[in-house]
Amino acid sequence: MSRLFARKTLLGLGILATLVLIITVNIIGGNLLRGVRLDLTQTKLYTLSPATERALQQIEEPITLRLFISDRLTREVPSFAAYAQRVRDLLRDYAAGSRGRLTVEVLSPDPFSPIEDRAVAYGLQGVPIDQGGEQVYFGLVGANSTDDQEVIAFFAPERERFLEYDLTKMVAKLARPKQRTVGLISTLPITADPAAQQQGGSGTWLIYDQISQNFKVQMLETTVTQIPADIDVLWLVHPANLPPATLYAIDQFVLKGGRALVMVDPVSEAAVSRGRMLAMQGVPGPASASALEPLFKAWGVQLVADKVVADRRNARKVSAGGAATRVQAADYLAWLSVPKAQLAENDSLTGDLQSLSFASAGILEPVEGATTKLTPLASSSVVSMKLAADKVRGQPDILGILRGFQSEGQALTMAARVTGPAKTAYPDALPEGAAAEGRVMESQQPLNLVIVADTDMLEERFWAQTQNFFGQKVAVPVAGNGDFIANTLDNLAGGSTLSGLTARTVIDRPFTAIRALEQAAENSFRAKEQELQDRIKETEKKLADLRGREAPKKGQPQTASLTPEQAKEIETFRADLIRTRAELRDVQLALRTDIEALQTRIRLWVIGAVPVALVVFALGLGVWRRQRARRAAQAQR
């Protein structure tokens, strides 16, 4: 009895000691390891990016961030409670990395309180939480020592993935109130788009609005003969048909150390669509194609003439078909979603991006014997070809392009960085009207240019979705185009605050095996479909010929003039048509069967892997303990 009591006492004391040890370790660990976390996410979602750390280190004057968060919002809406906690944690990390120069205040704007009045005065957006109309707040106000102010009116859930980007952009603007100047030369209506105005918008492109938040954008005429001295970086968008004097001004700006982002396009879909609108008003529209000769040749770059990239692997799904064929989803080989694998990982402009979207992009190649170096930033997959530009102008035959695709087996460059020495494109006489003062014949320092063979990537429809959040328009990026342009301009302008800082987007993890099955079945389906259409055309032609020779008399039905041979041919055609359609359905059914079987195996593996592993571990542990007890018993004997 005493032994049993002793054992129970020891067991109870052991359990108590274990509990005390666990509590003690948690308390000590909570104090010693405060702020320490292990981030196992692939995109390091909970780790400050190098760009954020640079922005915090560059703070020279005090910055105060005031977080307004309503208690009722976090208490009654669990999703916002988790989001708010992440915002608090991230702001705490910002303060810890700022060397004491960034202060965070958390305020609760209760209804009809002075704090709510401050939130309204700052321009924060209240959101109704009940039918009574009570407003809740979840926004941020930043201010520096010179009374500059930045506001995030409301932390919309749709932008949670981009939280660090928005916060760091705010801190960078407050830490560096003086904005760099971007000189913009564009033949596209980036600042006054009639298409956007017709839809009730301001008329400016989303990319322009975002760039204007971080830079002072100065519009330059397409006839400018001298680039102003206060321009930090030159941004050329679709520079079509620029006069020689303007090209010379750009040439001299670059040779004297100026940096430029040049965006040309063999087929600008934006220019084509706007040109149609302006033509209805009797106003000439912008040219559909642009290049920058003779400057490209002097810089050691060439834009392949009248060719665009067609990429089978990175093509985007669109609706294709029309009056002659049924509408269906198909890969449009000229509209691309370029994944991280085809982006330069060692360049700060693209190293942290997950994807870029392109539309009818051109092809950049180095000029033989060039003194400059062309380094690709964005390329197609090796399953690509150079497609004639005429095939994507106007109303492209998407299915025809798909059927005629033949891979050339090499990656094609759509965006590149150009560096190194170069000479002027105008070594002899100056163009008429050019400014001769301060002329240089070769680069005074190595060129640093970024050239993109696509301008449609700037259009909002290719890289962002605009959602309405209680009357406020919130842009949610679906590709890294905006980040790429911002990074490039910031990098070329000499800064590195936002270079490498990207939205922490959710990585697109395509099921490659399923995608391969889809493409294989789709190729087979297209071949069957084309075979059917050819049979239809051939039979219709024969019927037309036969009916042309023996037209029915007036008032006689069409079928009355058919010979037995013609009727038999029609019946044969109908049977062939039914049989071919059955084959098409078999192809589609086989596609769905293969995909569903693969998805089922994946689900079983994902759902069952952890329980099976635990069971195996438990069984192994039980066997091991039994063997150990058996050996111990044998040793005592």
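That block above? That's the structure.
Fair warning: this is a prediction, and the values are worked out from it, not measured in the lab. (Residues numbered from 1 in each chain as written. Predicted model: local features only at pLDDT ≥ 70, side-chain atom pairs only at ≥ 80, totals over all residues. Heavy atoms only, no water.)

K.L.:
So what exactly am I meant to see when it comes to the nonpolar core here?
P.N.:
The nonpolar side chains of soluble globular proteins are, as a tendency, buried together. The biggest cluster of nonpolar side chains holds 50 residues, and the ones touching the most others in it are W235, F484 and I485. Per-element tally for this core: the top contributor is helix α13 (residues 481–492), with 5 residues. When sequence neighbours within four positions are dropped, the list of residues in contact with I485 reads I207, I211, W235, L261, M263 and L458. Grouped together as the second largest cluster of nonpolar side chains are 35 residues, Y248, F253, F296 and L447 included. (Core = buried A, V, L, I, M, F, W, Y, C linked by side-chain atoms within 4.5 Å. Buried < 20%, exposed > 50% of the residue type's maximum accessible area, 1.4 Å probe, protein only. Helix = DSSP H or I, 4+ residues; strand = E, 2+ residues; numbered from the N terminus. Contact = heavy atoms within 4.5 Å.)

K.L.:
Is there a simple way to explain the sheet that holds strand β2 (residues 102–107) in this structure?
P.N.:
Within a sheet, adjacent strands bond to each other through the backbone by hydrogen bonds, running parallel or antiparallel. Strand order in the open sheet formed by 4 strands is β2-β1-β5-β6, with mixed pairing between adjacent strands. Of all strands in the sheet, those bounded by a partner on one side alone are β2 and β6 (149–152). Looking at each pair of strands side by side, their axes are set apart by 15 degrees on average, direction ignored. The sheet contact formed by strand β1 (residues 63–69) and strand β5 (residues 138–144) spans 7 bridges and is antiparallel. What sits directly across from I69, in β5, is F138. Packing against the sheet, helix α4 (residues 78–96) makes contact with β1, β2 and β5, and its axis sits at approximately 170 degrees to β1. On the sheet, helix α5 (residues 114–122) packs against β1, β2, β5 and β6 and is oriented at approximately 115 degrees with respect to β1. (Pairing = 2+ DSSP bridges. Axes fitted to C-alpha atoms, helices over the stretch in contact; angles between N-to-C directions.)

K.L.:
What should I look at first to understand the sheet that holds strand β14 (residues 328–339) in this one?
P.N.:
What the 3 strands build is an open sheet, ordered β13-β14-β15; its pairing is antiparallel. Each of the sheet's edge strands pairs with one partner strand only, and the pair in question is β13 (315–320) and β15 (355–359). Between one strand axis and the next, the sheet turns through 40 degrees on average, direction left out of account. Sheet topology note: the β13/β14 ladder contains 6 bridges and is antiparallel. Across the sheet, the residue bridging to V318 is A330, located in β14.

K.L.:
Which parts of the structure should I look at to understand the packing of aromatic side chains?
P.N.:
The description of an aromatic ring pair uses the distance of the two centres, along with the angle that the planes make with each other. Inspection of the entire model under this criterion finds 11 aromatic pairs. Both rings, one in F80 and one in F154, keep their centres 6.0 Å apart while their planes meet at 75 degrees; by these two values the pair is edge-to-face. A residue pair is termed long-range when its members are at least 10 positions apart, and F80 in helix α4 and F154 in the loop between β6 and α6 (163–175) qualify at 74 residues. Exposure remark for F80: the relative accessible area of 13% places this residue in the buried category. Relative accessible area serves as the criterion here: at 7%, F154 is assigned to the buried category. Here the aromatic rings of F138 and F154 are separated by 6.2 Å at their centres, their planes lie at 80 degrees, and the arrangement is edge-to-face. Placement of F138 in strand β5 and of F154 in the loop between β6 and α6 is noted, with a sequence separation of 16 residues between them. When sorted by exposure, F138 lands in the same class as F154, which is buried. Through pairs of rings, three or more aromatic residues link up here, namely F80, Y83, F138, F154 and F155. (Phe/Tyr/Trp six-rings, centres within 6.5 Å; stacked < 30°, edge-to-face > 60°.)

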